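Topology and contacts: notes
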Number of protein chains: 2
Amino acid sequence: MSIVDIQVFSIVISIVALLFAVYMFLWVKKQPLENETIKKLSIIIRQGARTFLKREYIVLALFAGICALLILSFLPKPIWEGGISRNVVMAISYLAGTCISAIAGKIGIEVATIANAKSAEAAKKGIKPAFLTGFRGGSVMGMAVVGACLLGVSILRLLTNDSSDSSAILGFSFGASSLALFAKAGGGIFTKTADISADLTGKVELGIPEDDPRNPAVIADNVGDNVGDVAGMGADLFDSNVASMAAALVIATTLDTSIGTSLHTIMVFCYAALGLLASIIGIFFARIGKKGNPTRALNNSTYITTFLYIVFTAIATKLFNLDWRIWGACIVGLVVGVIVGITTDHFTNDEKKPVRNVAHASNSGPAFTILSGVSYGFLSVLPAMIGIGVAALVAYNLCATIDATYSLEYSLFGISMSAVGMLSIVGMIVSNDAYGPIVDNSRGLAEMGNLGDDVLKITDELDSAGNTVKAITKGFSIAAAGLTVIALLGAFMNEVNAIAVQKGIEKITGFDIMNPLVFFGMLIGAAIPAVFSALLILGVDKNAQRMVKEIHRQFNEIPGIKEGTTQPEYDKCIDIATKGAIKELIPAGLTSIIATIIVGFVGGVHAIGGFLAGNIVSGLLLALFMSNSGGLWDNAKKYIEAGNEGGKGSNAHKAGVIGDTVGDPFKDTAGPSINTQITVISLISSLCASLFFSYALFK
Amino acid sequence: MSIVDIQVFSIVISIVALLFAVYMFLWVKKQPLENETIKKLSIIIRQGARTFLKREYIVLALFAGICALLILSFLPKPIWEGGISRNVVMAISYLAGTCISAIAGKIGIEVATIANAKSAEAAKKGIKPAFLTGFRGGSVMGMAVVGACLLGVSILRLLTNDSSDSSAILGFSFGASSLALFAKAGGGIFTKTADISADLTGKVELGIPEDDPRNPAVIADNVGDNVGDVAGMGADLFDSNVASMAAALVIATTLDTSIGTSLHTIMVFCYAALGLLASIIGIFFARIGKKGNPTRALNNSTYITTFLYIVFTAIATKLFNLDWRIWGACIVGLVVGVIVGITTDHFTNDEKKPVRNVAHASNSGPAFTILSGVSYGFLSVLPAMIGIGVAALVAYNLCATIDATYSLEYSLFGISMSAVGMLSIVGMIVSNDAYGPIVDNSRGLAEMGNLGDDVLKITDELDSAGNTVKAITKGFSIAAAGLTVIALLGAFMNEVNAIAVQKGIEKITGFDIMNPLVFFGMLIGAAIPAVFSALLILGVDKNAQRMVKEIHRQFNEIPGIKEGTTQPEYDKCIDIATKGAIKELIPAGLTSIIATIIVGFVGGVHAIGGFLAGNIVSGLLLALFMSNSGGLWDNAKKYIEAGNEGGKGSNAHKAGVIGDTVGDPFKDTAGPSINTQITVISLISSLCASLFFSYALFK
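A short tour of the structure in this document, coming up. (Residues numbered from 1 in each chain as written. Chains lettered and ligands numbered in written order. Predicted model: local features only at pLDDT ≥ 70, side-chain atom pairs only at ≥ 80, totals over all residues. Heavy atoms only, no water.)

**Some thoughts on the overall build of chain A**
Defined as follows: Per the convention used, a helix needs a DSSP run of H or I reaching at least four residues, while a strand needs a run of E reaching at least two, with both numbered from the N terminus. Here the globule rule is a power law, 2.2 Å times the number of residues to the power 0.38, and the radius of gyration is based on C-alpha atoms. Exposed residues in this analysis have more than 50% of their type's maximum accessible area, buried residues have under 20%, and partly exposed residues fall in between, with area computed by a 1.4 Å probe over protein chains only.
Along its length, chain A carries 19 helices and 0 strands. For 699 residues, the compact-globule formula gives about 27 Å, and the C-alpha radius of gyration of chain A, at 24 Å, lands near that figure. C-alpha extents for chain A along the principal axes are approximately 75 × 50 × 45 Å. The buried share among the 699 residues of chain A stands at 69%.

Okay, structure coming up:
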């Protein structure tokens, strides 16, 4: 098999995935929708989401434009050092990365805001069609994200066709990441602003149920689900997916050039394409019985995909005589990803001890809800960290033995393939993930459209499955980002050594903790995810206070809202969430980028090595802590609402609601954004390696 | 100056410090105490503290005995490898370390439980005598801790007098640390169990003021201040102080042996002894005017001590012709310590933006109190991390130029001297720290003894100064622990290389992040402080739930308590806090020790290098976050209680109380215990270096 063959194969599979997405989109669109209220509300939600996305994309286009100019002038080398053509290629690749990411987000929003209403309507006919509508809506996003990733990377590789230069792929990946950083942060702030404000004014102050149309923030909340969880999460996983391929390709290219083959690059494309193929089949066969369990249906299709992937790659490895040890590294990554997902489930599932203990502690007041939730969140970090560490260790040691001369390169390649393996089923993961907000919206629409209790029961069940699966996919995507950035650290060293060879300096063999520059970088790198999270949470905090004020104003000034005779001014709330999110997303994103550049120019490549390591370690720690404790509080509240520990209205319930409110920005704003923050920093380090090498204060 | 001279000098200064402590103790004891209620309550508090300490020490004696046996059998080398005499020396040094630490804690408790009553009584005569009694009571602890440290280390060095073997000093330091780990954890659980339970049942449920004698938990709360903040904090700083000297001495010994001098060892003792001298003078001259500001008095004496230290060491450096670069490293550490203290103040002082913003956010409910407090806590991490990183970087680079042949050793010595410099004024810091709980107790006793509003105003002012200074000293001690453990990492490498030389293997030059064993260790090391904190917080959470239950029982079953006609059963609450604390302190402490041993036997010295680095980085992050956010919530509540944002009884106040309750175990149980956890792990790694070297699964 030649390199062109495999790229053609990848492109074919990507196109199949994209066509499959179009088919699913049309299928969802074809489903009936009769209820007029739902129709109307669904349009308001879609308009709100579109408005937010448009305004966000305008700001991001400006940012991307500035970045592209900076890249053109300085990266990979300042133009005064010559070689401008590489700068042009990198700038264009960067813009391509941002555009594809933005388009994938847009597609997700469009289908999700159609599927929500159709799924609510379908629930009138039973759980089977409702589940299918929701899931197929989600799968459009899944296929679009992964298809676009593979297509983009393959075409880029075909066009640049340069086996020694990684500017194009790193630029592309940085484009995807930098957009994801802001999309995740902005969407996360929007969604939690609306969610918290709706809960506090509706549930807590007025005692009206969730998704009640009398609540002025209710539509903003639904818009938020889409812009935060669909578009934001899609951009995040698109980013991780591209980054894992980028890291693997950078290292593969070095190996290929050294050994004089193209086998390693072929492997990366082959395994990635087979992952997409497995996901397509897995999604195609996702089914639920008439009285089926939606959680089981989602999990089953994940397991089928995993199984298919293992089989496909084993066949390919045998057929094309690839190295089994690399296949092993790939599978280890995948298995560890699934295991991390399952341990996450232990800490967030309401049938397990942690959630029940927190619900019980809530009887003694909200302080205990918070304290016990924080504790379990901290505990949940350990298994995932061990899992990621073991995956990296096994992948490294497996592959280090392949070739004694290139032992380091092979072991780094092993880690990067482990990340590619973990992300191979990402098409399935994104589909499951996007399913969540769609059915969450359906539940709201069913409530507002007065579809009756039977329908509500079905949508509740679908929603609950979405929440359970979401916790697992979140753990999975954090673990995947963890392995990816370890691989990116390898890619960074690779870049540094490529420069060292050019300049005729001795190669570096690593980053020594006992070097004070490395330690200095490590301390600051570790602080960045904390600062980043703080800025995002403060953003939500400030913005929600503004929205609560607006809701109070509407209640006070517009007569008939509380009674349900006048429709509240939904758009005012959407507007506040939009403006606030766009205002608050910039400082958080920029801080991390600027910190990287400062550390790089102060301490050079060694400080950056430490900076990345510190950032990865503390980023994983905080991301896992915040995602899991947030998920736990959410489910503890739901567990109480289901009638336990005094049920709705009890003191435990009040405490549970407070816990959930604290958990909201933890799990949906800060926690999952840290992934992207780590990736962006890792990529920017590789991109600026040459600058840091030449112009640092200390070296 | 010979090595014996300097050790005699150190011993003389230590004895002066201890005599000074005795003088202060007698002075405090001599102060009058007339109020019968206060006398009686003070005795109950003392008895409670003694009972707890006795029970805790019995458990710890058992633990120390087992540890001593293990050391005797396995450390520094298993007995079957020969050289049992070193094992005996290490075991005895270990026991000496535990005993001195325990005695220092005991002395602190004794004087604090006398000074509290005397200070309350003195407040009748004005702020001047009340301040002096509180402060001099605290200084007994300060002098006892630092005097005992210097005396112990000096005598140990004189007795073993072996310039190539560090078993004795490492064993001694490990003894101090392992005791501190449990004393801090146990005391922290005790104090916050009582504090939270008293607040929740008293302030929140009944609406009675703090320190009201009708509250069954009120005495337990006062006992807790002593066992947690006096004995626990004393053990903690004793531990950091010994550890910084141990790290410096291990590296100094290597340098001395290599170069054939004893100059470096002399420097360590010289600078440490001068620090103690400066503290004695600083404490002696601590004064307050009749209407003076106690915060300013405390800060001034710290600044005087700092200034004196700089002058003394400069004179010594000139006089004995020591290297100015090492002096520079020492001063950099000290200055950075003070700067970190000041930035901590920014985040916890109620005259600054963070506290006021959190108080304002509390108007929107407790979730916003928590979210904004968490955010500022996260932000507060950055300046301290930069400070520690810069101190290490400067110290390293300053000293690396001293001798080209021993550049690495010198630079590590620079970092360790930077830690010694930061900890030089620890006598002053401990005095300020122990002052806090004494005047906190005085306030309670004044309230319970009905000393009237004028006296309460004075004790309130003294208490508030204690809280402000406490936040600063806490930042300082975390920063000091940070630098110390970086130096201990150097000491660990030193130990590993000593073994490598013995075995004739190549020395290691550091711990490379790109080595997957190092990375694997780093990920797990980073998770440990989170797990450790979780176990402590869960301990408080569980224990407080038990105590709240007991308080409710007393309210329900014993008539007349609420009216104040019957005295509650104070001892029952003390008993619950004692039993619970002793039960819960074991798992947290053991987990970290066992994790270190497992990682060491799995991944060998490289994994341990990464493990330590990950542990230091995430430990500092979490310790700073929890201490600062806890301090911030405490002061935000007090700021509201002072009449802002609606004052007492408002919604903001209720939210503020919940924030404070969450912050309590953050700042007084988990946060400051992490210091000790990091030190213990670092020391145990050095102690077991030989075992890990020989018997690890991977190498």
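**Things to note about the packing of aromatic side chains**
Formally: Two rings belonging to Phe, Tyr or Trp (six-membered ring only in the last case) form a pair when the distance between their centres is within 6.5 Å. Interplanar angles under 30 degrees mark stacking, angles over 60 mark edge-to-face geometry, and anything in between is tilted. Should the NZ of a Lys or the CZ of an Arg lie within 6 Å of a ring centre and within 35 degrees of the ring normal, that charge is described as sitting over the ring.
Inspection of every chain in the model, using the stated rule, returns 30 aromatic pairs over all chains. Here Phe 20 of chain B and Phe 284 of chain B contribute two aromatic rings whose centre-to-centre distance is 6.0 Å and whose plane-to-plane angle is 50 degrees, an arrangement assigned as tilted. Linking Phe 20 of chain B in helix α1 (residues 3–30) with Phe 284 of chain B in helix α7 (residues 263–284), this pair joins segments that are 264 residues apart in sequence. Seen in terms of ring centroids, Phe 601 of chain B and Phe 692 of chain B are 5.3 Å apart; in terms of plane orientation they differ by 90 degrees. Their pairing is edge-to-face. In this pair, Phe 601 of chain B sits in helix α17 (residues 570–641) while Phe 692 of chain B sits in helix α19 (residues 689–695), placing the two residues 91 residues apart along the sequence. The exposure class of Phe 601 of chain B is partly exposed, given its relative accessible area of 31%. Look at Phe 692 of chain B and you get buried, because its relative accessible area is 1%. Taken together through their ring pairs, the aromatic side chains of Phe 20, Tyr 23, Phe 284 and Phe 285 of chain A make up a single cluster. Above the face of the Trp 27 of chain A ring, Arg 136 of chain A is positioned so that its terminal group lies 4.7 Å from the ring centre. Lying over the aromatic face of Phe 555 of chain B, Lys 562 of chain B brings its terminal NZ or CZ to 5.6 Å of the ring centre.

**Some words on the relation of the copies chain B and chain A**
Put simply, the rule is: For this overlay, a least-squares fit was computed on C-alpha atoms, restricted to residues scoring pLDDT of at least 70 in both copies. In this description, contact between two residues means that some pair of their heavy atoms is separated by no more than 4.5 Å.
Between chain B and chain A, which share one sequence, the superposing operator has a rotation angle of 180 degrees and an axial displacement of 0.0 Å; the RMSD is 0.0 Å. What we have between these two chains is a two-fold relation. Minimal C-alpha separation from the rotation axis in chain B is found for Asp 512 of chain B, amounting to 2.2 Å. Comparing interface residues between copies, 100% of those in chain B also lie at the interface in chain A; the contact surface is shared.

**Observations regarding the interface of chain B and chain A**
To keep things clear, this is the line we draw: Reported buried area values correspond to the accessible surface (1.4 Å probe) lost by two parts on association, with both partners' losses combined. Any carboxyl oxygen of Asp or Glu that lies within 4 Å of a side-chain nitrogen of Lys or Arg is treated as forming a salt bridge with it. As a working rule, the residues Ala, Val, Leu, Ile, Met, Phe, Trp, Tyr, Cys and Pro are called nonpolar, Asp, Glu, Lys and Arg charged, and the rest polar, with Gly in that last group.
Counting from both sides, the interface comprises 74 residues of chain B and, opposite them, 74 residues of chain A. Buried surface at the junction of chain B and chain A, summed over both partners, amounts to about 6300 Å²; 87% is from carbon and sulfur atoms. Viewed at the interface, chain A and chain B are joined by 0 salt bridges. Only α5 (167–206), α10 (353–361), α11 (366–379), α12 (381–400), α15 (453–503), α16 (516–557), α17 and α18 (651–687) of chain B provide two or more residues apiece to the side of chain B that touches chain A. Looking at side-chain class alone, the side of chain B that touches chain A contains 57 nonpolar, 15 polar and 2 charged residues.

**Focus: the environment of Asn 300 of chain B**
Inspection of the secondary structure puts Asn 300 of chain B in helix α8 (residues 294–319). Put simply, Asn 300 of chain B and Ala 286 of chain B are 14 residues apart on the chain and 7.8 Å apart in space, counted from C-alpha to C-alpha.

**With respect to the nonpolar core**
For the record, the criterion: As used in this record, nonpolar core signifies buried Ala, Val, Leu, Ile, Met, Phe, Trp, Tyr and Cys residues forming a set joined through side-chain atoms within 4.5 Å.
Within the largest apolar cluster, 528 residues are counted, with the highest numbers of intra-cluster contacts made by Ile 513 of chain A together with Ile 513 of chain B. Here this core gets 32 residues from one element, more than from any other, and that element is helix α17 (residues 570–641) of chain A. Not counting the four nearest positions on each side in its chain, Ile 513 of chain B is found in contact with Leu 489, Phe 511, Ile 513, Val 518, Met 522, Gly 609, Gly 610 and Ala 613 of chain A together with Val 518, Phe 519 and Met 522 of chain B.

**Some thoughts on unusual backbone geometry**
Backbone geometry follows two general trends: most residues other than glycine have a negative phi, and most peptide bonds adopt the trans configuration. Although it is not a glycine, Glu 645 of chain A adopts a positive phi angle of roughly 50 degrees. Residue placement: Glu 645 of chain A occurs in the loop between α17 and α18 (651–687). For Glu 645 of chain A, a relative accessible area of 26% gives the class partly exposed. The backbone of Asn 321 of chain B sits at a positive phi, close to 60 degrees, despite the residue not being glycine. For Asn 321 of chain B, the position within the fold is in the loop between α8 and α9 (324–348).

**With respect to the environment of Phe 413 of chain B**
All names here are of chain B. One can find Phe 413 in helix α13 (residues 407–422). Its relative accessible area of 0% is what places Phe 413 among the buried residues. Among residues more than four places away in sequence, those in contact with Phe 413 are Ala 248, Ile 251, Ala 252, Leu 255, His 264, Met 267, Val 268 and Ile 326.

Honestly, that's just the spatial picture; any functional story needs more than this.
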